Amino acid sequence: MPASNAAVQKLSDAEVLERLRALRTKQPVKYTAFYSSQLNGIVTDPALMVIPFDDHMVHRGHGIFDTAGIVNGKIYDLDAHLDRFLRSAERSKLKLPGSRADMRDIIIKTTAASGRRDGSIRYWLSSGTGSLDLIPVAGADPGFFVMIFPGLVYPEKFKTEGVRVMTTTYPIKPPLYAITKTTNYLPNVLMQMEAKEKGFDNGVFIDHDGHVGESSNMNVAFVTHDNVLVHPKFDHILSGCASLRLLELAPALVKQGLLKDVKVDHVSMSDATAAKEMLLIGSSVKVAGIVQWDSHTIGNGKPGPIATALLGLLEEDMRSGDRLIDVPY
Ligand SMILES: Cc1ncc(COP(=O)(O)O)c(C=O)c1O
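Fair warning: this is a prediction, and the values are worked out from it, not measured in the lab.

**Here we look at the site of the ligand**
In the vicinity of the ligand, 16 residues are found, and the nearest of them are Lys181, Tyr185, Glu214, Cys241 and Ser283. For the ligand, a nitrogen atom lies 2.7 Å from a polar atom in the side chain of Glu214. In isolation the ligand offers 390 Å² of accessible surface; the protein chains occlude 94% of this area. Elements with a minimum of two residues in the shell around the ligand: α3 (78-91) and α8 (241-249). Classifying every residue of the shell around the ligand gives five nonpolar, eight polar and three charged.

Quick look at the structure:
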């Protein structure tokens, strides 16, 4: 903020550009490419990666998003992320800017333009610009944006020592909003801030029936004492693409004798805290062992063997599975 009102002045176009660039030099951002349907093109200067203030995603939260990973120069599991994006668009009554194939192609081309071979692709759909009202402006074009960035980074201790979580005091989103990946992440943000303030790594939502939900931007799962991998049902939480993929890959651990079974079911708080292992799962964190929940130590207080085995399966799938898309760099 300027020190005094004397610094508040009308700006020329050139001054705006200069100030947008100055803002970015103050922040260590590494956004390497951004596509905007409003610009009908890709920009690589972070100062130009902007969305108009009257886009309804900005001032009303009428927008959705999703994030897929770039691994060794390939895009991982994009179609699962696009399926979820389209489901979220439909539930949010958002018009699409074109066909699914068009959006997929733009995502791949923006990735290529970025030159980034490891990182993340986040893309958004908005109901467009044109007013500060609630419902979309008649005839407004939907906004489609794609950002290529390094991805979220988690502390190394998540892997080595494990993660500590608390039951959040914030209410879980009602199911319709929890299963839809909208830009309304206020409960998720507050949950993570609360956890950090209280000395934990993250929070967990519990629903009104006492069932375990999910964490801020990750799912949770459990390994029971008789070695059953149990994932909470997806009717009140986001369908995590990493979780869904791991539920397909985990039967390999049943074959190896590491697990007895793999199930999706409601998980009560008491079953959860009694688990042998508790896992945090997501495209960004991959798989991390949770070692403490509130005052309960999970298992022996160290990340367990199933967390390690599931991480191995996911990493292998990201390296050489059949869900990789070539990028024409
Ligand atoms: C609320 C929420 N739950 C779970 C997840 C995990 O989803 P994914 O595995 O697709 O990253 C995310 C991340 O997008 C999320 O935001």
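So, next bit.
**A look at the layout of surface pockets**
Within this model, the second largest pocket holds a volume of roughly 250 Å³. Looking at the lining of the second largest pocket residue by residue, the classes come out as four nonpolar, seven polar and three charged.

**So, the nonpolar core**
Ranked by size, the top nonpolar core spans 26 residues in total, and within it Leu229, Leu246, Leu259, Leu279, Val287, Leu310 and Leu314 carry the most contacts. Only β9 (219-223), α8, β12 (277-282) and α11 (305-320) provide two or more residues apiece to this core. Sorting elements by how many residues they give to this core places α11 first, with eight residues. In this structure Leu259 touches Val223, Asn227, Leu229, Ala250, Leu253, Val254 and Ile306, once residues within four positions along its chain are discounted.

**Observations concerning helix α4 (residues 100-114)**
Compared with an ideal rise of 1.5 Å per residue, which puts 15 residues at 21 Å, α4 spans 21 Å between its outermost C-alpha atoms and is within 8% of the ideal. Among the residues of α4, those classed as buried are Met103, Ile107, Ile108, Thr110, Thr111, Ala112 and Ser114. Directly beyond the C-terminal end of α4, a positive phi value near 75° is found at Gly115.

**Observations concerning the pairing of β9**
Most of β9 is tucked away: five of the five residues are buried. Here β9 shows two buried faces, one formed by Asn219, Ala221 and Val223 and the other by Val220 and Phe222. In terms of strand pairing, β9 meets β12 through five bridges, oriented antiparallel. Bridging from a neighbouring strand, Val220 pairs with Leu280 of β12. Pairing of β9 with strand β10 (residues 228-231), which is carried by two bridges, proceeds in the antiparallel orientation. Considered in β10, the bridge of Val223 is made with Leu229.

**Points about the sheet that holds strand β3 (residues 63-71)**
Within the open sheet, the seven strands sit side by side as β2-β1-β6-β5-β3-β4-β15. Their pairing is antiparallel. In this open sheet, the two edge strands, each paired with only one partner strand, are β2 (41-43) and β15 (324-326). Sheet twist, expressed as the mean angle between neighbouring strand axes with direction ignored, is 25°. By the bridge criterion, three bridges tie strand β1 (residues 33-36) to β2 in an arrangement that is antiparallel.

**Focus on the pairing of strand β5 (residues 119-126)**
Counting buried residues along β5, seven of its eight residues qualify, which places the element largely inside the surrounding structure. Where β3 meets β5, eight bridges bridge the pair, whose relative direction is antiparallel. Residue pairing for β5: Phe65 is matched across the bridge by Trp124.

**Section: the packing of aromatic side chains**
As enumerated under the stated definition, the model contains six aromatic pairs in all. Judged by centre distance (5.7 Å) and plane angle (20°), the rings of Tyr154 and Phe158 are stacked. Residue class for Tyr154 comes out partly exposed when judged on its relative accessible area of 23%. The structure contains a cluster of three or more aromatic residues connected by ring pairs, namely Tyr35, Phe85, Tyr123 and Phe144.

About the thresholds
- Residues numbered from 1 in each chain as written.
- Predicted model: local features only at pLDDT ≥ 70, side-chain atom pairs only at ≥ 80, totals over all residues.
- Heavy atoms only, no water.
- Near = heavy atom within 4 Å.
- Polar contact = N/O pair within 3.5 Å; in protein donor to acceptor, adjacent residues only side chain to side chain.
- Areas by Shrake-Rupley, 256 points an atom, 1.4 Å probe, with all protein chains shown as cover.
- Helix = DSSP H or I, 4+ residues; strand = E, 2+ residues; numbered from the N terminus.
- Nonpolar A, V, L, I, M, F, W, Y, C, P; charged D, E, K, R; others polar.
- 1 Å grid on protein atoms, 1.4 Å probe; cavity = no way out; pocket = protein on both sides within 12 Å on 5 of 7 lines; lining within 4 Å.
- Points joined across faces, edges and corners; volume = space filled by probe spheres on them.
- Core = buried A, V, L, I, M, F, W, Y, C linked by side-chain atoms within 4.5 Å.
- Buried < 20%, exposed > 50% of the residue type's maximum accessible area, 1.4 Å probe, protein only.
- Contact = heavy atoms within 4.5 Å.
- Expected span 1.5 Å × (residues − 1).
- Pairing = 2+ DSSP bridges.
- Axes fitted to C-alpha atoms, helices over the stretch in contact; angles between N-to-C directions.
- Phe/Tyr/Trp six-rings, centres within 6.5 Å; stacked < 30°, edge-to-face > 60°.

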